[in-house]
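Survey of secondary and tertiary structure
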Amino acid sequence: MKVRLWGTRGSVPRAGPDTVRYGGDTSSVEVRSDGALLVLDAGSGIGRLGSDEPWPERIDVLISHLHMDHIQGLGFFGPLFDPEVMVHLWGPVSPTMQLSARIRRYLSPPLFPVRLRDLPAVDVHDVETGRFRVGPFEVEADLICHPGPTLGYRISDGNGTLAYLSDHEPALGVRDFPDAPEWTSGHDLAAGADVLIHDTQYTPEEYRHRVGWGHSSLDHTLAFAGQAEVKRLVTFHHDPDHADPFLDDLHHVAVRQDLSFELIPGAADTVIEV
């Protein structure tokens, strides 16, 4: 698998001179294998995705949840308007409304000028927890700790395994984190993964004032990755107020710890072979 980070910010886009290295776009990750294209989330970063390569006939977009920073780029994703490309949108099932109805709330006036029903070749799938296949990928989806129905994904192409937990608060309600694996949100999705892309929105001090908001501090993510015995951790969903030098300092401190995995700063346009 070839993985490329297009959007790595959380909450809101923040483009400017202080976000050049880590990027100002919100969550979107490109995954390619054997000619197939899988996209993780449709934040503002999806608008730049794939501009340097031809589109395959089918593209699958796995949406973790319906918060705006994870779908705000959907209407600017070129293949949605190409009748030669079939786009499949996958996202968490809700007890109250189908995924297609929830996406229509965004892709319709007054929020957006083009309606979902007017797009030429789009299919929408409600995702239950469990496993399913998408082209060469085996995907496992499970609910993780974040406000509203939110999925984490584990993706394998037979050669490598990628875990994607973009918005995740595994330390919620835990006095001494990490707790036992069987009581830790997202553990089974991440366990033994070659690459884990994980929420690192807060510093420990910031997290103390934001418990229950659905995100991780960097130290919690490092502990989670160690418990799950991943090979490489990619930091993700950076706070919009964290400028590049600030994030560099956080990572410099983190890599001086005795880590059991490789730490990769989640910078914009980073390419990872899995």
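Look a little higher up for the structure.
Each chain has its residues counted from 1, running along the sequence as written. Local features are withheld for residues below a pLDDT of 70 in this predicted model, meaning they are given only at 70 or higher, and side-chain atom pairs are given and counted only at 80 or more; totals for whole chains, interfaces and linings count all residues. Side-chain figures throughout are based on the complete set of non-hydrogen atoms in the structure, without hydrogens or water.

1. Here we look at the overall build of the chain
Numbering of helices and strands runs from the N terminus, with a helix taken as a DSSP run of H or I at least four residues long and a strand as a DSSP run of E at least two residues long. Along the chain, the regular secondary structure elements total five helices and 14 strands. For a compact globule of 274 residues, the expected C-alpha radius of gyration is about 19 Å, and the chain comes in at 18 Å, within 12% of that figure. Type-normalised accessible area, obtained with a 1.4 Å probe on protein chains alone, sets the label of each residue: buried when under 20%, exposed when over 50%, and partly exposed for intermediate values. Here the chain, with 274 residues, has 58% of them falling under the buried criterion. Whether two residues are in contact is decided by their heavy atoms: any pair within 4.5 Å suffices. Of the contacts formed within the chain by residues at least 6 apart in sequence, a portion of 67% connects residues at least 24 apart. Of the roughly 11800 Å² that the chain leaves accessible, carbon and sulfur atoms contribute 50%. Charge centroids of the chain, computed over 22 positive and 41 negative side chains, lie 3 Å from each other. We take the radius of gyration over the C-alpha atoms and set the globule estimate at 2.2 Å times the residue count to the 0.38 power. Surface accessibility follows the Shrake-Rupley procedure with a 1.4 Å probe radius. Residue values consider only the protein chains on display as shielding. His residues and chain termini do not enter the charge count, which takes Lys and Arg as positive and Asp and Glu as negative. Here the site of a charge means atom NZ of a Lys, CZ of an Arg, CG of an Asp or CD of a Glu.

2. Re the nonpolar core
Nonpolar core, defined: a set of buried Ala, Val, Leu, Ile, Met, Phe, Trp, Tyr and Cys residues in which side-chain atoms within 4.5 Å join the residues together. By size, the foremost hydrophobic cluster in this structure holds 28 residues, and its most contacted members are Val29, Val31, Leu62, Ile155, Leu162 and Ile197. For leucine 62, the contacting residues outside a window of four places in its chain are Leu38, Val39, Leu40, Asp41, Trp90, Phe132, Val139, Tyr153 and Ile155. Among the nonpolar cores identified, the runner-up in size contains 24 residues, and Leu49, Leu99, Phe112 and Val124 belong to it.

3. Considerations on the sheet that holds strand E3 (residues 36-40)
By definition, two strands form a pair when at least two bridges between them are found by DSSP. Spatial ordering of the open sheet is given by E6-E5-E4-E3-E2-E1-E14, a layout of seven strands whose pairing is mixed. The open sheet has two edge strands with one neighbour each: strand E6 (122-127) and strand E14 (271-273). Direction aside, neighbouring strands of the sheet carry axes that sit 20 degrees apart on average. As paired elements, strand E2 (residues 28-33) and E3 share five bridges and run antiparallel to each other. If you follow valine 29 over to E3, its bridge partner there is leucine 40. Note on definitions: angles span 0 to 180 degrees between N-to-C directions of axes, and those axes are lines fitted to C-alpha atoms, for helices only across the stretch in contact.

4. Overview of helix H1 (residues 99-106)
Across the eight residues that make up H1, a large majority, six, are buried. All of the buried residues in H1 are Leu99, Ser100, Ala101, Arg102, Ile103 and Tyr106. For H1, the elements touching its buried residues are strand E5 (86-92) and E6.

5. What about the pattern of salt bridges?
Put simply, a salt bridge is a Lys or Arg side-chain nitrogen that is within 4 Å of an Asp or Glu carboxyl oxygen. In this structure the tally under the stated criterion is twelve salt bridges. In this structure, the salt-bridge partner of arginine 48 is aspartate 25, at a minimum N-O distance of 3.4 Å. A residue pair is termed long-range when its members are at least 10 positions apart, and arginine 48 in the loop between E3 and strand E4 (58-62) and aspartate 25 in the loop between strand E1 (2-7) and E2 qualify at 23 residues. Here arginine 208 makes a salt bridge to glutamate 205, at a shortest N to O gap of 2.3 Å. In this pair, arginine 208 and glutamate 205 both sit in helix H3 (residues 204-208), three residues apart, roughly one turn of the helix. On the basis of relative accessible area, glutamate 205 is assigned to the partly exposed category, the value being 41%.

6. Description of unusual backbone geometry
For the peptide bond that leads from proline 109 to proline 110, omega is 5 degrees, which places it in the cis range. A cis amide bond links phenylalanine 177 with the next residue in sequence, proline 178, at an omega value of 5 degrees. As for its placement among the helices and strands, proline 178 is situated in the loop between strand E10 (161-165) and helix H2 (187-190). Of note in this structure, aspartate 41 is not a glycine but carries a positive phi near 70 degrees.

7. Re the side chain of aspartate 199
Along the polypeptide, aspartate 199 turns up in strand E11 (residues 195-199). Of the buried charged residues, aspartate 199 lacks a salt bridge, with arginine 210 as the closest side chain of opposite charge at 11 Å. Two N or O atoms count as a polar contact when they lie within 3.5 Å, although within protein this holds only if one can serve as hydrogen donor and the other as acceptor, and sequence-adjacent residues are included solely when both atoms are side-chain atoms. A distance of 3.0 Å separates the side chain of aspartate 199 from the backbone nitrogen of glutamine 201, its partner in a polar contact. Excluding residues within four positions of it along the chain, aspartate 199 makes contact with Leu165, Ser166, Asp167, His168, Gly214, His215, Ser216, Thr221, Phe236 and His237.

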